[in-house]
Amino acid sequence: MNILMDQVFYNGKIYTMVKEKDFVEAVAVYDGKIMWTGSNSEAQGIDAKERIDLQGKCVIPAFKDTHMHLTYTRDRFKQVDLSECYSLEEINNVLKEKDKQLNPGEWIVGYRIHIEKLSDGRFPNRYDLDKVSTERPIYVTSYCGHAAMANSKALEITKIDKEFVPPEGAFVDRDDNGEPTGILREHITAYMMQYIGPMFKTYDDRMEGLKGILNKYASYGYTTVQSNEMQPDGEETVRQLVTLKNQDKLPVRAIIDYTDFTGNYLGIISGFGDDMLKAGAHKFFIDGSLNSHTAALKEPYSCEPKTKGQLIYETDQDFINAVKTAYNYGNTIAVHTIGDYAMDLMIRAIENCYVPGDTRRFRIIHAMVVNEEQLEKLKKLPVILDTQPNFLLNWVNSCKQNIGEERARLFLPYKTYLEKGLVVTGGSDSPVEVFDPFVGIQCAVTRQDMSGSPEEIFEPQERISTYEAVCLYNKYAAYSCNEENYKGTVECGKYADFAVLDSDIFETEPSEIKNISVLKTILGGKVVYEK
């Protein structure tokens, strides 16, 4: 090889992921891309500016988080984590402690309430939260982010009263007299944030917070994040990402999904940008979440027989028309789809607007509850199932009580999805769940939480191998934005994006995968994280 390489990485067990157990010992990189792969002895004959000894460690193609929220993940560091509260009393006790730390007039903002964990069996209402304070506004959200709760002061400040008309896609629970109970659902957060204000008070603080999250992602072996940025909060985040890119300071590649047509009018559609920062998909929501019982099901919830969930659009046709408009602009389409009724509607929308021969794929975000008939239809359509294996942390112990035995059988059915020939990816939906990929991989392999619960494995027939689970986060994840030709595997011509691990993940006991650490993350041949 006559070209002077930029880097040669050698003395590693570099899994290519092209097929199971396939590995090489060395890789040569030029201009950020893989130019050669082979053995250590062959690598000795290649000239390079830099030679990196991998010291025999396991190396895999770097991870991609196919669905997360950068802005919200950053902002959570300023909020109160309520995920370990098991009663309304415990929630209030945590919030009271936060109340002592704040200045007068500042909001208490909390997140990640698990209704399944609460002994009271319900979310706190305005009157529960008033026990913390009637003078300070309080706003907290559920684990999934699709339900929120506010105290009376917060409702007063935001003018949510009997006459209040919620924004499109938002819902307000009311009592028999029409008074808001303090429980708010779906697309209410953007409205509330107008009053709460940014969690980080200055531009520089928000920039530092963003850099912190990006570096944290790099420390877990990610080199790509696909972030759904909502209006209006996400606008500044995208500008900050542009600034970091222009300064050559992005430690990961970023793909931005968007929820309105603003950029389309300027010709900014899916794919606009470059290999470090680009537009992803136009993101829609059909339904809500299982956690807040707003995911749209064909039959009622087993635990709440009076509801089948909620659709975000007034009519099915309204949704189909919106998707077709975005598709016709030239966008890739991504849709939040959780319930089986929502999946029916998503399939109809694809069938209505897909043009045969078009290379764009329809991304179905979450794809949690499906049935056999839908699986057969999905096989025939150009779809990507962007799932979150780490959701099993919350659902292995509570799924059946929420949706019943029959529907639980095909809840995040990874083995079935793969056997049907569907392309399935792994993401986190951070900050809804942790973005540690090793947690997600272990969930997909074991279908238990990190403590090994439940002892009777949740739908054990849907477990997949470690190789298949890792593929969700790199090989298959690359398909999410038509990037399989330059990401996801170790092959010539693809980006030199790797993660160096402290253990061989394919020789690790499934219950121990969560303990694996990343030693180095390499982006385009350059080390962006080192432990």
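To keep things clear, this report deals only with the structure shown in the data block. Throughout this document, residue positions are counted from 1 along each chain, in the order its sequence is written. For a predicted model such as this one, the threshold for reporting local features is a pLDDT of at least 70, and the threshold for listing and counting side-chain atom pairs is 80 or more; totals across whole chains, interfaces and linings nevertheless cover every residue. Heavy atoms from the whole structure form the basis of all side-chain values; hydrogens and water molecules are not counted.

## Overview of the layout of surface pockets
Rule in force here: Space inside and on the surface of the protein is sampled on a 1 Å grid over the protein atoms alone, with a cavity defined as a set of points where a 1.4 Å probe fits but cannot get out and a pocket as an open set with protein on both sides within 12 Å along at least 5 of 7 lines; lining residues have an atom within 4 Å of a point. Grid points are joined across faces, edges and corners, and a volume is the space filled by probe spheres set on the points. Only DSSP runs of H or I covering at least 4 residues are called helices, and only runs of E covering at least 2 are called strands; the numbering of each starts at the N terminus. Amino acids are sorted into nonpolar (Ala, Val, Leu, Ile, Met, Phe, Trp, Tyr, Cys and Pro), charged (Asp, Glu, Lys and Arg) and polar (every other residue, Gly among them).
Of the voids in this model, the largest pocket is the one considered here, and its volume is about 960 Å³. What lines the largest pocket is a set of 40 residues, among which His187, Ala190, Met230, Thr259 and Phe285 lie closest to the centre. Listed by contribution, the elements that provide at least two residues to the lining of the largest pocket are α2 (70–75), β10 (108–113), β11 (138–142), α6 (189–196) and β17 (277–285). Residue composition of the lining of the largest pocket, by class: 17 nonpolar, 15 polar and eight charged. Put simply, the second largest pocket is a space of about 650 Å³. Residue lining of the second largest pocket: 24 residues in total, with Val238, Ile256, Tyr258, Gly263 and Ile268 positioned closest to the centre. Of all the secondary structure elements, the ones that give two or more residues to the lining of the second largest pocket are α8 (233–246), β16 (253–258) and β17. By residue number, the principal contributor to the lining of the second largest pocket is α8, which donates six residues.

## Here we look at the nonpolar core
Rules: Only buried residues count toward a nonpolar core. Its members are Ala, Val, Leu, Ile, Met, Phe, Trp, Tyr and Cys residues joined through side-chain atoms within 4.5 Å. The buried label goes to any residue with under 20% of its type's maximum accessible area, the exposed label to any with over 50%, and the partly exposed label to all in between, with areas taken from a 1.4 Å probe on protein chains only. Residues count as neighbours in contact if any of their non-hydrogen atoms are within 4.5 Å of one another.
Residues Leu290, Phe319 and Phe411 are the most contacted members of the largest nonpolar core, which totals 99 residues. Ranked by residue count, the leading element in this core is helix α10 (residues 340–353), at eight residues. Residue contacts for Leu290: discarding those within four places in its chain leaves Ala295, Leu297, Tyr301, Ile338, Met368, Val369, Trp395, Asn402, Ile403 and Phe411.

## Points about empty space enclosed by the protein
The final tally for this structure, using the stated rule, is three cavities of 30 Å³ or more. Here the largest cavity defines a volume of roughly 120 Å³. Lining of the largest cavity is provided by 16 residues; of these, Ala62, Thr223, Lys487, Gly488 and Asp497 occupy positions nearest its centre. Mapped by element, the contributors of at least two residues to the lining of the largest cavity are β8 (63–68) and β15 (222–228).

## Re helix α3 (residues 88–101)
How we decide: Expected helix span is given by 1.5 Å per residue-to-residue step, counting one fewer step than there are residues. Taking the helix axis as origin, the arc is that swept by the directions to the C-beta atoms.
When the terminal C-alpha atoms of α3 are compared, their 21 Å separation across 14 residues agrees well with the 20 Å that a helix rising 1.5 Å per residue should span. Within the span of α3, buried status applies to Leu88, Ile91, Asn92 and Leu95. Mapping the buried residues of α3 onto a view down its axis gives an arc of 90 degrees, with all of them on the same face. Along α3, the residues that are exposed and aim more than 90 degrees away from the buried face are Glu89, Lys100 and Gln101. Against the buried residues of α3 lie β10, α4 (126–130) and β11.

## Thoughts on the environment of Met276
Tracing the backbone through its elements, the reader meets Met276 in the loop between β16 and β17. The spacing of Met276 and Lys380 is 104 residues in sequence and 32 Å in space, taken between C-alpha atoms. For Met276, the residues in contact, after removing those within four places along its chain, are Lys245, Leu250, Val252, Arg253, Ala254 and Leu523.

## Quick word on the pairing of strand β18 (residues 332–337)
Looking down a regular strand, the side chains alternate between one sheet face and the other. Under the convention used in this document: Strands are treated as partners if at least two bridges between them are detected by DSSP. Clockwise travel from the first strand over the helix to the second, with the strands pointing away from the viewer, marks a crossover as right-handed.
Counted residue by residue, β18 has six buried out of six residues, so it is predominantly covered. Of the two faces of β18, both are covered, the one formed by Thr332, Ala334 and His336 as well as the one formed by Ile333, Val335 and Thr337. Where β17 and β18 come together, five bridges link them in parallel fashion. Among the inter-strand pairings, Lys283 is bridged to a residue of β18, identified as Ala334. One crossover worth recording links β17 to the parallel β18 by way of helix α9 (residues 316–329), and it is right-handed. As defined by bridge partners, β18 adjoins strand β19 (residues 362–366) across four bridges and the pair is classed as parallel. Within the sheet, the bridge partner assigned to His336 lies in β19 and is Ile365. Note that the unit made of β18, α10 and β19 has a crossover that is right-handed.

## Quick notes on the packing of aromatic side chains
This is how it is decided: Side-chain rings of Phe, Tyr and Trp, where Trp is taken by its six-membered ring, are said to pair if the distance between their centres is within 6.5 Å; with planes under 30 degrees apart they count as stacked, over 60 as edge-to-face, and otherwise as tilted. Put simply, a charge is over a ring when the Lys NZ or the Arg CZ is close to the ring centre, within 6 Å, and near the line of the ring normal, within 35 degrees.
Taken as a whole and assessed by the stated rule, the structure comprises 19 aromatic pairs. Considering the side-chain rings of Tyr313 and Phe319, the 5.5 Å spacing of their centres and the 65 degrees angle between planes classify their relative orientation as edge-to-face. Seen from their ring centres, Tyr327 and Phe362 are 5.3 Å apart, and the 15 degrees between their planes marks the pair as stacked. You can see Tyr327 sitting in helix α9 and its partner Phe362 sitting in strand β19, a full 35 residues away along the chain. One exposure class covers both Tyr327 and Phe362, and it is buried. In this structure an aromatic cluster arises from ring pairing among Phe63, Tyr217, Tyr220, Tyr222, Phe435, Phe438 and Tyr473. The side chain of Lys13 reaches across the aromatic face of Phe23, ending 5.1 Å from its centre. The ring of Tyr327 has Arg360 lying over it, and the distance from NZ or CZ to the ring centre is 3.9 Å.

## With respect to the environment of Leu311
Here Leu311 shows up in the loop between β17 and α9. When the C-alpha positions of Leu311 and Phe362 are compared, they lie 19 Å apart, and in sequence the two are 51 residues distant.

## So, the sheet that holds strand β24 (residues 526–530)
Strand order in the open sheet formed by six strands is β3-β2-β7-β22-β23-β24, with mixed pairing between adjacent strands. In this open sheet, the two edge strands, each paired with only one partner strand, are β3 (23–24) and β24. Pairing of strand β2 (residues 13–15) with β3 involves two bridges; the strand directions are antiparallel. The residue of β3 that forms the bridge with Tyr15 is Phe23.

## Things to note about the sheet that holds strand β5 (residues 33–38)
What counts, and what does not: Orientation is described by lines fitted to C-alpha atoms, with helices fitted over the stretch in contact, and by angles between N-to-C directions that extend from 0 to 180 degrees.
Here we have four strands laid out as an open sheet, ordered β5-β4-β1-β6, and mixed in their pairing. Two strands close off the open sheet at either side, each with one partner strand: β5 and β6 (48–53). Along the sheet, successive strands turn relative to each other by an average axial angle of 20 degrees, direction set aside. In this structure, strand β1 (residues 5–10) lies alongside β6, joined through five bridges in parallel fashion. Its bridge partner being in β6, Val8 is matched across the sheet by Arg51.

## Description of unusual backbone geometry
The peptide bond linking Ser430 to Pro431 adopts the cis configuration, its omega dihedral lying at 15 degrees. By secondary structure assignment, the location of Pro431 is in the loop between β21 (423–426) and α15 (437–446). In this structure, the amide linkage connecting Ser453 to the following residue, Pro454, adopts the cis form with an omega of -5 degrees. If you trace the backbone, Pro454 turns up in the loop between α15 and α16 (466–473). The residue Leu412 is not glycine, and still its phi comes out positive at about 40 degrees. Along the chain, Leu412 turns up in the loop between α13 (399–408) and α14 (414–419).

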